[in-house]
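Residue-level structure breakdown
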Amino acid sequence: MRRASSKKGPANSTTSTNSSAMDLFRSASGKAATKELERIDQLFYSYANDSSGMIDPEGIEYLCSDLEVEHTDVRILMLAWKMQAERQGYFTLEEWRRGLKALRADTIIKLKKALPELENEVRRPSNYVEFYSYSFRYCLTEEKQKSIDIESICELLELVLGSQFPHQVDLFIQYIRTQIDYKVINMDQWMGFYRFCNEISFPDFNNYDEELAWPLILDNFVEWVRSKQS
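The shown structure was predicted, so the numbers you read here are calculated from the model rather than taken from an experiment.

**Side note on the packing of helix 3 (residues 74–83) against helix 6 (residues 125–138)**
For the pair helix 3 and helix 6, interaxial distance at closest approach is 10 Å and the crossing angle is 95 degrees. Compared by their axis directions, helix 3 and helix 6 come out roughly perpendicular. The residues of helix 6 that touch helix 3, namely those facing Val74, Leu77, Met78, Ala80 and Trp81, are Asn127, Glu130, Phe131, Tyr134, Ser135 and Tyr138. Of the residues in the contact of helix 3 with helix 6, the class split is eight nonpolar, two polar and one charged.

This is how it looks when you write it as structure tokens:
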């Protein structure tokens, strides 16, 4: 019986030691996470408007200044995407926490260093279509708004797609600024142009089939381009 007892002693001791080590690890991790969240919150309130409790357009301008980027830089829109910000030009505390925790950035220096990595993340094909769709929704500033005016669409296209498909974007902007049939662009047309850029050969449009389910504005765009080419 004593032999059995002597075996149980070290085992219980080891279990107790492991449990204590795990408890210490959890405690340390919890404290580190709490401290990180406190720093994220402090950073938020350094830009937030005292009366609204949100970072407003003025606060975002200060943020951009500290990040040394223009407020029109696409990376600010990418940051809004990472936060899943709902209202253009405003960040809530919850959104701020969501984005900065994901980026592991609790200081302005860390946030600045995280921007290139964020851009690489967004540029992955699996993420980019989501970002492209989000950029349209983010610009719907009015309740029940479902479309965006032509001039704003031109600016948004240049911002989010201009570096990837410069020639297609330039031509499409020329077209929608000169045509008279459309005063606004909706989500279906917006997403259709992204698919168009990715799937249709340029500049000949040889694989474009009008019988397929393309938005009518793209049928008109292809016809317009072909008439210019001829």
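And the narrative resumes.
**Overview of the nonpolar core**
Phe91, Trp96, Leu157, Leu161, Phe193 and Phe196 are the most contacted members of the largest nonpolar core, which has 69 residues in total. The biggest single contributor to this core is helix 3, with eight residues. Setting aside anything within four residues of it in sequence, one finds Leu157 in contact with Tyr132, Gly162, Val169, Phe172, Ile173, Trp190 and Phe193.

**So, helix 3**
Across the ten residues that make up helix 3, a large majority, nine, are buried. Taken together, the buried positions of helix 3 are Val74, Ile76, Leu77, Met78, Leu79, Ala80, Trp81, Lys82 and Met83. Looking at the buried positions of helix 3, the neighbouring elements they touch are helix 2 (57–67), helix 4 (93–103), helix 5 (108–123), helix 6 and helix 7 (150–160). The N-cap residue of helix 3 is Asp73: its side-chain oxygen and the backbone nitrogen of Arg75 are 2.8 Å apart. Downstream of helix 3 by a residue or two, Gln84 has a phi angle that is positive, lying close to 55 degrees.

**Observations concerning the packing of helix 7 against helix 8 (residues 166–178)**
Running from N to C, helix 7 and helix 8 cross one another at 175 degrees; their axes reach a closest spacing of 10 Å. Here helix 7 is positioned roughly antiparallel relative to helix 8, judged by the angle of their axes. Contacts from Ile150, Glu151, Ile153, Cys154, Leu157 and Glu158 in helix 7 reach Val169, Asp170, Phe172, Ile173, Ile176 and Arg177 in helix 8.

**What to know about the packing of aromatic side chains**
Considering all chains together, one arrives at 25 aromatic pairs under this definition. Relative to Phe196, the ring of Phe193 has its centre 6.1 Å away and its plane inclined at 15 degrees; by these criteria the two rings are stacked. With Phe193 and Phe196 both in helix 9 (residues 187–199) and three residues apart, the pair spans about one turn of that helix. This pair shows no difference in class: Phe193 is buried, exactly as Phe196 is. Members of the aromatic cluster, joined through ring pairs, are Phe172, Tyr175, Phe193, Phe196, Phe202, Phe205, Tyr208, Trp214, Phe221 and Trp224. A cation over an aromatic ring shows up here: Arg87 above the ring of Tyr90, its NZ or CZ 3.8 Å from the ring centre.

**Here's the deal with the layout of surface pockets**
Roughly 600 Å³ of volume is contained in the largest pocket. Taken together, 22 residues line the largest pocket, and the ones lying closest to its centre are His71, Thr72, Gln88, Tyr138 and Cys139. Of all the secondary-structure elements, those providing two or more residues to the lining of the largest pocket are helix 2, helix 3, strand 1 (147–149) and helix 7. For the lining of the largest pocket, the residue count by class is eleven nonpolar, seven polar and four charged.

Basis of the calculations
Residues numbered from 1 in each chain as written. Predicted model: local features only at pLDDT ≥ 70, side-chain atom pairs only at ≥ 80, totals over all residues. Heavy atoms only, no water. Axes fitted to C-alpha atoms, helices over the stretch in contact; angles between N-to-C directions. Helix = DSSP H or I, 4+ residues; strand = E, 2+ residues; numbered from the N terminus. Parallel < 35°, antiparallel > 145°, perpendicular 65-115°, else oblique. Contact = heavy atoms within 4.5 Å. Nonpolar A, V, L, I, M, F, W, Y, C, P; charged D, E, K, R; others polar. Core = buried A, V, L, I, M, F, W, Y, C linked by side-chain atoms within 4.5 Å. Buried < 20%, exposed > 50% of the residue type's maximum accessible area, 1.4 Å probe, protein only. Polar contact = N/O pair within 3.5 Å; in protein donor to acceptor, adjacent residues only side chain to side chain. Phe/Tyr/Trp six-rings, centres within 6.5 Å; stacked < 30°, edge-to-face > 60°. Lys NZ or Arg CZ within 6 Å of the ring centre and 35° of its normal. 1 Å grid on protein atoms, 1.4 Å probe; cavity = no way out; pocket = protein on both sides within 12 Å on 5 of 7 lines; lining within 4 Å. Points joined across faces, edges and corners; volume = space filled by probe spheres on them.

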